[in-house]
Amino acid sequence: MATLSEAFTAHPVRLHHPHLLDFSSLRELPDSHAWPELRDHPCSAGGCGGDPDAHGDPIPVIDLHDPDVLPSLARACETWGVFQITGHGVPAGILDRFESQCHRLFSLPAERKLRALRQPDGISGYGLARISSFFSKLMWSEGFTIVGSPAEHARKLWPLDHEQFCEVVEEYNREMKQLAGRLMTLMLASLGFCADDVSWHRPGGDGFREASSVLQLNSYPACPDPDRAMGLAAHTDSSLLTILYQNRTSGLQVMRPARGGGGGGRWVTVPPVRGALVVNVGDLFQVMSNGRWPSVVHRAVVNRTQHRLSAAYIYGPPSHAEVAPMRGLLGPGGEGTPLYRRVTWPEYLGIKAKHFDKALASIKVAASAAAGGGGSQP
Ligand SMILES: C=C1C[C@]23C[C@@]1(O)CC[C@H]2[C@@]12CCC[C@@](C)(C(=O)O1)[C@H]2[C@@H]3C(=O)O
Ligand SMILES: O=C(O)CCC(=O)C(=O)O
Ligand SMILES: [Fe+2]
């Protein structure tokens, strides 16, 4: 007769959803979640930890108070497309409270989380990573996406007590919005621009107040067979920039392309640094910088013993604003070559939902048209 644990293994608990699992019930990796061809996986390749790249160059940790912050940002964005920040001004207490609420959410019984399931035509709610549809195997993770107020979904998760979660998430979102506006100003300055060069920037204190954002909470349960599982498959974010909080368990990896740009590359772990936040260059900053700052390809891997949490604050322009290569990057009179056509964020998200990793290529200006110029302010 099968033991209880064998019974669980033979019949992974599939919830009332064809692709969501109750991870806590599994003692073995089901075939649906076993990724072939993971030869570059960190644990099997012996590369777990904060490995610098092949040339000994670590992923930059930048103190925003450093007098040399602008050249450091420019170098990090150009060479890595990712960096960590300290001196960001987000109080440690807020990060701790936020992490506790994320933990509280993902620790709910699976059937309760399913009450807040993301609807097929919606953005907010609980479910698989959106990019899952592009892969034949499923990812070892669950997500909760929040756009605007978390109240509607939080009420379904905690019918009697959703305020606590909402207050903490709203506080975190306010901090992230302020920080993202500050990063925009610094990153633009490091490219040689001022905030007013962006069409949707408004005069006054919080000049990027019209920005849009999505908060993506990710949970990666401990996995019985981490070398064959994938937490979140390789992708770029569709944002201008993403601010990522990760708990003390490592798992985020970025692709460091080979020098010389001839293809190939290597996965490098972004080690958790207490109190630091990770910043990714997103697709729309690649457009604005006319390809000078690459949108970083990244993924999340899992491990055998630790539960990992992360939260991505995905930051972009207001939905009406068009993003295009900055005119000043095109040549002295702006008459140079824009590599990308102008797009709004909603339009780009639609393109990404259809073309995934070919989305940026699909908004590239054809070589002959590009020769005619036409870049503009985003
Ligand atoms: C605004 C969005 C960006 C996002 C797709 C979404 O509509 C909502 C979730 C975002 C997210 C988070 C996890 C990784 C990602 C690639 C995904 O599958 O869903 C991103 C999407 C993105 O940046 O394109
Ligand atoms: O979990 C991570 O470290 C990565 C998450 C991520 O890439 C995302 O939510 O877009
Ligand atoms: Fe991402």
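Please read these numbers as outputs of a predicted model, since none were measured by experiment.

S.K.: Give a detailed account of the pairing of strand E8 (residues 252-257), specifying residues and quantitative values.
M.R.: Sheet topology note: the E8/strand E11 (residues 298-300) ladder contains three bridges and is antiparallel. The residue of E11 that forms the bridge with Leu252 is Ala300. Here five bridges tie E8 to strand E9 (residues 265-269), and the two strands are oriented antiparallel to one another. For Val254, the partnering residue across the bridge sits in E9 and is Val268.

S.K.: Describe in detail the environment of Lys177, supporting the description with residues and values.
M.R.: By the secondary structure assignment, Lys177 is in helix H7 (residues 163-191). Exposure remark for Lys177: the relative accessible area of 26% places this residue in the partly exposed category. Beyond its immediate chain neighbours, meaning those up to four positions away, Lys177 contacts Asp206, Phe208, Arg209, Ala211 and Tyr313. Separated by 2.6 Å, the side chain of Lys177 and the backbone oxygen of Arg209 make a polar contact.

S.K.: I'd like to hear about the site of ligand 1, residue by residue, with values.
M.R.: Residues in close proximity to ligand 1 include Ile123, Arg130, Ile131, Val214, Gln216, His235, Asp237, Ser238, Ile314, Leu349 and Lys352, which together make up its full environment. Residue Arg130 places a main-chain N or O atom 3.3 Å away from an oxygen atom belonging to ligand 1. Backbone polar atom of Ile131 to an oxygen atom of ligand 1: 3.1 Å apart, as the coordinates give it. Look at ligand 1: alone it shows 460 Å² of surface, and the protein chains cover 92% of it. Using a 2 Å cut-off from the grid points, one finds that ligand 1 occupies the largest pocket. Counting residues per element, the ones that place at least two in the shell around ligand 1 are strand E5 (212-220) and helix H9 (345-355). In terms of residue class, the shell around ligand 1 is built from five nonpolar, three polar and three charged.

S.K.: For the site of ligand 2, give the residues involved together with the corresponding values.
M.R.: Surrounding ligand 2, one finds 13 residues, the nearest of these being Asn218, Tyr220, His298, Arg308 and Ser310. In the environment of ligand 2, an oxygen atom lies 3.0 Å from a nitrogen or oxygen atom belonging to the side chain of His298. Considered on its own, ligand 2 offers 290 Å² of accessible surface; in the complex 96% of this is hidden by protein. Contributing elements (two or more residues each) for the shell around ligand 2: E5, strand E6 (232-235), E11 and strand E12 (308-316).

S.K.: Got a sec to walk through the nonpolar core? Specific residues and values, please.
M.R.: Of all hydrophobic cores here, the largest spans 89 residues; its most connected members are Phe144, Met187, Leu217, Leu277 and Phe285. Broken down by element, the residue count for this core peaks at 14 residues, all from H7. Leu277 has contacts with Phe83, Gln84, Ile85, His88, Val90, Leu95, Tyr172, Met176, Leu179, Ile243, Leu244 and Tyr245, leaving out every residue within four places of it along the chain. Counting residues in each nonpolar core, the second largest holds 20 residues, with Trp35, Ile131, Cys223 and Val302 among its members.

S.K.: So what about the sheet that holds strand E10 (residues 277-281)? Which residues, and what values?
M.R.: Sheet strands line up and pair through hydrogen bonds in the backbone, either parallel or antiparallel. One open sheet accounts for eight strands, arranged E1-E2-E10-E7-E12-E5-E4-E3; its pairing is mixed. The open sheet terminates on both sides in strands that have one partner only, identified here as strand E1 (61-63) and strand E3 (125-127). On average, each strand axis in the sheet is inclined to that of its neighbour by 25°, with strand direction left out of account. Judged from the three bridges that link them, E3 and strand E4 (residues 142-146) form a sheet pairing that is antiparallel. Residue pairing for E4: Tyr126 is matched across the bridge by Phe144. Against the sheet, helix H3 (residues 69-79) engages E1, strand E2 (82-86) and E10, with an angle of about 155° to E1.

S.K.: So what about the environment of Arg112? Which residues, and what values?
M.R.: Locating Arg112 in the fold gives a position in helix H5 (residues 110-114). The class for Arg112 is partly exposed, based on a relative accessible area of 25%. The sequence separation of Arg112 and Thr242 amounts to 130 residues, and the corresponding C-alpha distance is 29 Å. Sequence-distant contacts of Arg112, that is, excluding residues within four places in its chain, are made with Lys156, Leu157, Trp158 and Pro159.

S.K.: Before we move on, can you summarise H9 with the specific residues and values?
M.R.: Looking only at H9, the buried set comprises Trp345, Tyr348, Ile351 and Lys352. Down the axis of H9, the buried side of the element spans an arc of 120°, and every buried residue falls inside it. With respect to the buried face of H9, the exposed residues turned more than 90 degrees away are Ala353 and Lys354. Buried residues belonging to H9 abut E5, helix H8 (283-288), E12, strand E14 (343-344) and helix H10 (359-362). Capping the start of H9 is the job of one residue whose side-chain oxygen sits 3.2 Å from the backbone nitrogen of Glu347: Thr344. Once H9 ends, the next one or two residues include Phe356, with phi positive near 45°.

S.K.: Please provide a residue-by-residue account of the packing of helix H4 (residues 92-106) against H7, values included.
M.R.: In contact at an axis separation of 9 Å, H4 and H7 are set at 135° when each is read in the N-to-C sense. The angle between H4 and H7 places the two elements in the oblique class. For the element pair H4 and H7, the recorded crossing hand is left-handed. Along the contact surface, H4 presents Ile94, Leu95, Arg97, Phe98, Gln101, Arg104 and Leu105, while H7 presents Gln164, Phe165, Val168, Val169, Glu171, Tyr172 and Glu175. Residue composition of the contact of H4 with H7, grouped by class: eight nonpolar, two polar and four charged.

About the cut-offs
- Residues numbered from 1 in each chain as written.
- Chains lettered and ligands numbered in written order.
- Predicted model: local features only at pLDDT ≥ 70, side-chain atom pairs only at ≥ 80, totals over all residues.
- Heavy atoms only, no water.
- Pairing = 2+ DSSP bridges.
- Helix = DSSP H or I, 4+ residues; strand = E, 2+ residues; numbered from the N terminus.
- Buried < 20%, exposed > 50% of the residue type's maximum accessible area, 1.4 Å probe, protein only.
- Contact = heavy atoms within 4.5 Å.
- Polar contact = N/O pair within 3.5 Å; in protein donor to acceptor, adjacent residues only side chain to side chain.
- Near = heavy atom within 4 Å.
- Areas by Shrake-Rupley, 256 points an atom, 1.4 Å probe, with all protein chains shown as cover.
- 1 Å grid on protein atoms, 1.4 Å probe; cavity = no way out; pocket = protein on both sides within 12 Å on 5 of 7 lines; lining within 4 Å.
- Sits in = over half its atoms within 2 Å of the grid points.
- Nonpolar A, V, L, I, M, F, W, Y, C, P; charged D, E, K, R; others polar.
- Core = buried A, V, L, I, M, F, W, Y, C linked by side-chain atoms within 4.5 Å.
- Axes fitted to C-alpha atoms, helices over the stretch in contact; angles between N-to-C directions.
- Arc of directions from axis to C-beta.
- Parallel < 35°, antiparallel > 145°, perpendicular 65-115°, else oblique.
- Left-handed = near helix turned anticlockwise from the far one by under 90°.

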